[in-house]
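The chain contents come next:
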Amino acid sequence: DGTETSLYTLFGKVLYIDIWATWCAPCCMEIPYMEKLVERFKNQGKIAFVSISDDKTAEPWQEKLERDKPAWPQYRIDPEGEEKFMKSLNINSIPRFILLNKEGKIIEIDAPRPSDEKIDDFLNKAIQ
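Residues numbered from 1 in each chain as written. Predicted model: local features only at pLDDT ≥ 70, side-chain atom pairs only at ≥ 80, totals over all residues. Heavy atoms only, no water.

Here's the deal with the overall build of the protein chain
Across its full length, the protein chain carries four helices and five strands. Shown N-terminal to C-terminal, the secondary structure of the protein chain runs as helices and strands in the order β-α-β-α-β-α-β-β-α. Against the globule reference of 14 Å for 128 residues, the protein chain gives a C-alpha radius of gyration of 14 Å, in line with a compact fold. Partitioning the intrachain contacts of the protein chain with sequence separation of at least 6 by distance along the chain shows that 63% fall at a separation of at least 24. On the protein chain, roughly 7900 Å² of surface is accessible, and the fraction owed to carbon and sulfur atoms is 49%. (Helix = DSSP H or I, 4+ residues; strand = E, 2+ residues; numbered from the N terminus. Rg over C-alpha atoms; globule rule 2.2 N^0.38 Å. Contact = heavy atoms within 4.5 Å. Areas by Shrake-Rupley, 256 points an atom, 1.4 Å probe, with all protein chains shown as cover.)

And the structure:
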């Protein structure tokens, strides 16, 4: 909706973060798996899912969201802060999946992808 937010507003649950972009084919290939992952954990209550786009302009990102209608929160990195954000998390390629604990501390900076056969076990262990 165009409002700014910070990740700290999402703390309180384990947070699985998807860093992606519309121009990234491997990122887009993970979307169906992410949809299923969100669905499997939707009633769990201890974990939240967030996707953060690295698209430089809003138009392709908004078009993709309108087509896919994701059921979890979607954000786009402010292009002015993109370099600082990516550098602070040592992200040099996407897709990247990050897991934070409920206080916002990094559990895993390079978490398994939604398509990984061990993702459910990984997340269940994190929310114990």
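Digging into the state of the cysteines
Within the structure shown, the criterion is met by one disulfide. Residue pairing for C24: its cysteine sulfur links by disulfide to C27, the two sulfurs lying 2.4 Å apart. The sign of the S-S torsion, about 75°, decides the handedness of the disulfide formed by C24 and C27: right-handed. Considered together, C24 and C27 belong to a single accessibility category, that of buried residues. C27 provides the cysteine sulfur closest to C28, a residue in no disulfide bond, and the two sulfurs are 6.4 Å apart. (Disulfide = S-S within 2.5 Å. Buried < 20%, exposed > 50% of the residue type's maximum accessible area, 1.4 Å probe, protein only.)

Some points on the sheet that holds strand β1 (residues 14-20)
Sheet strands pair by backbone hydrogen bonding; their relative direction is either parallel or antiparallel. Spatial strand order, β3-β2-β1-β4-β5: five strands in an open sheet with mixed pairing. Whereas interior strands pair on both sides, the edge strands pair on one side only; in this sheet they are β3 (74-76) and β5 (106-108). Here the average twist between neighbouring strands, direction ignored, is 30°. In terms of strand pairing, strand β2 (residues 47-53) meets β3 through three bridges, oriented parallel. Each bridged residue has a counterpart across the sheet, and for S51 the counterpart in β3 is Q74. (Pairing = 2+ DSSP bridges. Axes fitted to C-alpha atoms, helices over the stretch in contact; angles between N-to-C directions.)

Topic: the packing of aromatic side chains
By the definition in use, this model includes three aromatic pairs. Seen in terms of ring centroids, Y16 and F49 are 5.8 Å apart; in terms of plane orientation they differ by 70°. Their pairing is edge-to-face. Placement of Y16 in strand β1 and of F49 in strand β2 is noted, with a sequence separation of 33 residues between them. For the residue pair Y16 and F49, the accessibility class agrees, reading buried in each case. Chaining the aromatic ring pairs together yields one cluster made of Y16, F41, F49 and F97. (Phe/Tyr/Trp six-rings, centres within 6.5 Å; stacked < 30°, edge-to-face > 60°.)

Notes on the side chain of E82
Relative to the helices and strands, E82 is located in helix α3 (residues 82-88). Judged by relative accessible area, which is 16%, E82 ranks as buried. Setting aside anything within four residues of it in sequence, one finds E82 in contact with D54, K56 and I77.

A short note on the side chain of K64
Of note, K64 is situated in helix α2 (residues 58-68). Owing to a relative accessible area of 14%, K64 belongs among the buried residues under this scheme. Every residue in contact with K64, bar those within four places of it in the chain, is listed here: W20, T22, C28 and I31.

What about the environment of F41?
Among the secondary structure elements, F41 is positioned in helix α1 (residues 25-41). Owing to a relative accessible area of 5%, F41 belongs among the buried residues under this scheme. Taking the C-alpha atoms as reference, F41 lies 13 Å from A126; in sequence the two are 85 residues apart.

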